[in-house]
4 protein chains.
Amino acid sequence: MSDVSVAERLRQQPPVAQVRVRYADTDQMGVVYYANYLAWFEVGRTEWLRRDGWNYRHMETDGVYLPVITAHCEYARSARYDDVIDIHAAGRLISPARLAFDYALVRVADAACLATGYTEHATTTAAGRPVRIPARIRELLA
Amino acid sequence: MSDVSVAERLRQQPPVAQVRVRYADTDQMGVVYYANYLAWFEVGRTEWLRRDGWNYRHMETDGVYLPVITAHCEYARSARYDDVIDIHAAGRLISPARLAFDYALVRVADAACLATGYTEHATTTAAGRPVRIPARIRELLA
Amino acid sequence: MSDVSVAERLRQQPPVAQVRVRYADTDQMGVVYYANYLAWFEVGRTEWLRRDGWNYRHMETDGVYLPVITAHCEYARSARYDDVIDIHAAGRLISPARLAFDYALVRVADAACLATGYTEHATTTAAGRPVRIPARIRELLA
Amino acid sequence: MSDVSVAERLRQQPPVAQVRVRYADTDQMGVVYYANYLAWFEVGRTEWLRRDGWNYRHMETDGVYLPVITAHCEYARSARYDDVIDIHAAGRLISPARLAFDYALVRVADAACLATGYTEHATTTAAGRPVRIPARIRELLA
């Protein structure tokens, strides 16, 4: 599925979170430093899981971790200082022990899509050993 | 070209920089937060350009900017606090107005490849208008 | 005035902003990395100015910058992942060309004061030359 | 002791580390974001301890943590992109269960002191209970 269609699909759902760009996020080019979009992706997956009755902190209590194995971001337009940005996110299963999240970042002022991307995650114990995704998370992702 | 072969090719050249993992880089999973690898990629492309007689700061003096349009990272093993990491990087042309850099991050202690990835960049003016890559940069990337 | 009394005074006013701790904010000690509190202080002063009808972005349009000349933070209790934190902030004049902001960070769940601090700022042009604080900002700070 | 004299004293010793300013460190004012100096302070105390035969990672293996209880930074001149900066640091005891580090950041190109500051630390177990500073660390700090 192309990035464009992912973004369209994600934007049919309400955003899971909203952030305002801080000075701390910008760089001397006058735009948000490219690595910081990945912190917003993290906010997106956390809040998507929370909305579906799941708590990321609780997941770790259960001993299931979601280390990132791939991160990808396409930057379409620059986020700028003080911009308010809607974070759209959704999870999906990619195998019995792997899941992924798709993201779209949309500036509220002009509805411009600033970036899209995805992350892929293993499911592991705290010690890093692979585990199957617990049933109730699998249901959320189906 | 697969990520594995990119990493192999990059590792045939000496690293362009070396970093030591700071507390600031880690997260509560006890490993380096995934977005921070992208800051190391930045160090990689900066130092690769510098080695080839080019200075990133100078580039901006010339009015040529390299905004990131795609970032991609594959995480193989976790970088941990106090690890010393070699950054391997190399640039390549992808079109008359676009270039890319490939990266491999290698832990010095055990020669483990922690991550590979790439970034793609437009070449623009400070105002964001596309420009052709200056001849002398094009030569470095050929 | 002691830090305790500053915190008490600040907490008599409603918070100017609220943040939730991200994974990105934590370090391997399992708490928020100490430098990240300063980014929350930035959110505090920005929102305090905005509430009083002033926009930090607008200030720069006017050519007035507020570079930090001193930052100070007292850490009382650790902020942890997923904590929701109220940011209390207020500005004050310290000279015709200097101002300060006081901050208190309060965890919502248990009303614990996690940290207090202040920043002092010069008022300068974009080029870094000192300028007097514009009248309408001075009024906010009186 | 004034900040000036601390800086002078620190600069009589060789720097404990050197960093080069990254794009990631800058903000849209074209200078290093103020919170990032605290990450350099962390590099300073880590390397100061290492030089004296002590390893911060090892300290945690021993079950002694050094949470920051106060951080203070005075910003004299702006660090800019690509600047190479010497980090000077030194530790000192402030009580049987507290220690402090002083810092001075000096730009190599012009020997300008960019910032000075200090951090104060408790000594605790992993669970956060205060412990006396181990004898061999106390000796380093004397």
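Above: the structure in question.
How each quantity is defined
Residues numbered from 1 in each chain as written. Chains lettered and ligands numbered in written order. Predicted model: local features only at pLDDT ≥ 70, side-chain atom pairs only at ≥ 80, totals over all residues. Heavy atoms only, no water. Helix = DSSP H or I, 4+ residues; strand = E, 2+ residues; numbered from the N terminus. Polar contact = N/O pair within 3.5 Å; in protein donor to acceptor, adjacent residues only side chain to side chain. Contact = heavy atoms within 4.5 Å. Least-squares fit on C-alpha atoms with pLDDT ≥ 70 in both. Buried area = accessible area lost by both parts, 1.4 Å probe. Salt bridge = Lys/Arg side-chain N within 4 Å of Asp/Glu carboxyl O.

Q: What's the story with the side chain of D102 of chain B in this structure? I'm lost.
A: All names here are of chain B. With respect to the helices and strands, the residue D102 is situated in strand β4 (residues 98–107). Within polar-contact distance, the side chain of D102 engages the side chain of R92 at 2.7 Å. Among residues more than four places away in sequence, those in contact with D102 are V6, R9, L10, H88, A89, A90, R92, G117 and Y118.

Q: I would appreciate a short explanation of the relation of the copies chain A and chain B in the present structure.
A: Relative to chain B, chain A is turned by 180° and slid 0.0 Å along the rotation axis, the superposed coordinates differing by an RMSD of 0.0 Å. The transformation just described matches what one would write down for a two-fold rotation axis. The C-alpha atom lying nearest the rotation axis in chain A is that of H72 of chain A; the distance is 2.2 Å. The overlap is high: 100% of the interface residues of chain A also sit at the interface in chain B, so the same surface is used on both sides.

Q: Looking at this structure, how should I read the interface of chain B and chain D?
A: Many analyses report the size of an interface as the accessible area lost when the parts associate. Of the residues lining the interface, 20 residues belong to chain B; the matching set on chain D comes to 20 residues. A buried area of about 1,700 Å², summed over both sides, lies between chain B and chain D, and 40% of it is on carbon and sulfur atoms. At the boundary of chain B and chain D, one finds four salt bridges. We note a salt bridge from R50 of chain B to D82 of chain D, for which the minimum N-O separation is 2.8 Å. Our count for the chain B to chain D interface comes out at six residue pairs in polar contact (both at pLDDT 80 or more).

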